[in-house]
Amino acid sequence: ALARPVENLCGHFFLVTGTNRRMRYVCSSPMDNMAVIRISDDGRSYAIVAEKYIPPTSELPSHLSIHDYLLGRGRNQKVVIHTHPIELVAMTHNAAFLGRDVLSRLLWSMIPETRAFCPKGVGIVPYALPGSIELADATIAQLDDYDVVLWEKHGALGVGENVIEPFDMIDTLSKSAQIYMSGRAMGFTPAGMSDAQMQQLKEAFNL
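## Topic: the pairing of strand β4 (residues 79–83)
Working step 1: Taking burial as the measure, the 5 residues of β4 include 4 buried ones, the bulk of the element.
Working step 2: Bridging between β4 and strand β7 (residues 155–160) involves 5 bridges; their strand directions are antiparallel. Following the sheet pairing, Thr-83 is matched in β7 by Ala-156.

Structure (structure tokens):
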């Protein structure tokens with residue numbers, strides 16, 4: 001049974017990583033590390049339909065709630081990626097970065113590609129129990145305003161029409177975080193691009 005019905009997903013099939021499985025093994029042995037599930041016709045439960053019984057990820061409530069929201073809004077984003085990028089998660093441990101748009105501004109300023117790949121920036125969800133409906137709802141509340149949502153002390157989540165789109169956004173943000181941390185490790189705080197330089201970038205690329 002599902003924690004709550006997913007009305008827009010009735011009868012849909014989903015391919016999700018398995019619980020206690022590792023993404024790095026999916027390529028070499030996909031059906032040992034992924035679950036294929038079908039949502040019931042009333043949207044209240046799911047069945048594992050793959051030949052091998054692989055229980056789905058513990059984050060299934062969040063993922064299905066987000067898919068339900070996206071489909072209900074008529075959005076064509078069929079992929080939800082949740083991962084644990086070290087540098088981005090580390091930055092969420094600093095309260096100074098958790099204010100609205102503080103981290104977006106910082107990460108945008110590290111390298112021009114970040115503003116191009118993530119023009120809406122990153123939202124922040126305060127810590128919530130992994131796999132909870134509360135985490136799902138807090139994430140959904142930010143999906144219209146931001147490209148990527150960071151879960152405080154936990155990870156990052158992105159959505160897209162294909163796997164590459166959210167992967168590229170999270171990867172680019174991670175590079176910006178690495179640039180910032182590399183500068184700090186060398187003993188200085190990176191200056192970052194100025195507001196004027198970022199505005200010029202925004203206008204040039206119609207962001």
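Alright, that's what it looks like, and here's the rest.
## Focus on the pattern of salt bridges
Working step 1: Enumeration according to the criterion identifies 9 salt bridges in this entry.
Working step 2: Linking Asp-195 and Arg-105 is a salt bridge whose minimum nitrogen-to-oxygen distance equals 2.7 Å. A residue pair is termed long-range when its members are at least 10 positions apart, and Asp-195 in helix α8 (residues 195–204) and Arg-105 in helix α4 (residues 102–108) qualify at 90 residues.
Working step 3: Across the salt bridge formed by Lys-175 and Asp-171, the nearest N and O atoms sit 3.6 Å from each other.

## Digging into helix α7 (residues 164–185)
Working step 1: Taking 1.5 Å per residue, 22 residues should reach 32 Å; α7 reaches 31 Å between its end C-alpha atoms and fits that length.
Working step 2: For α7, the full list of buried residues reads Pro-166, Met-169, Ile-170, Thr-172, Leu-173, Ser-174, Ser-176, Ala-177, Tyr-180 and Gly-183.
Working step 3: Note on α7: the residue one or two positions beyond its end, Gly-187, has a positive phi of about 100°.

## What to know about the nonpolar core
Working step 1: Among the nonpolar cores identified, the biggest contains 20 residues, and Met-91, Leu-103, Leu-107, Val-148 and Leu-150 are the most heavily contacted of them.
Working step 2: Tallying contributions element by element places α7 first for this core, with 5 residues.
Working step 3: With residues up to four places along the chain from it excluded, the contact list for Met-91 reads Phe-97, Leu-103, Leu-106, Leu-107, Ala-177, Tyr-180 and Met-181.

## Quick notes on the environment of Glu-134
Working step 1: Mapped onto the secondary structure, Glu-134 falls in helix α6 (residues 133–140).
Working step 2: For Glu-134, a relative accessible area of 54% puts it in the exposed group.
Working step 3: The spatial distance from the C-alpha of Glu-134 to the C-alpha of Val-163 is 25 Å, given a sequence separation of 29 residues.

Cut-offs and rules
Residues numbered from 1 in each chain as written. Predicted model: local features only at pLDDT ≥ 70, side-chain atom pairs only at ≥ 80, totals over all residues. Heavy atoms only, no water. Buried < 20%, exposed > 50% of the residue type's maximum accessible area, 1.4 Å probe, protein only. Helix = DSSP H or I, 4+ residues; strand = E, 2+ residues; numbered from the N terminus. Pairing = 2+ DSSP bridges. Salt bridge = Lys/Arg side-chain N within 4 Å of Asp/Glu carboxyl O. Expected span 1.5 Å × (residues − 1). Core = buried A, V, L, I, M, F, W, Y, C linked by side-chain atoms within 4.5 Å. Contact = heavy atoms within 4.5 Å.

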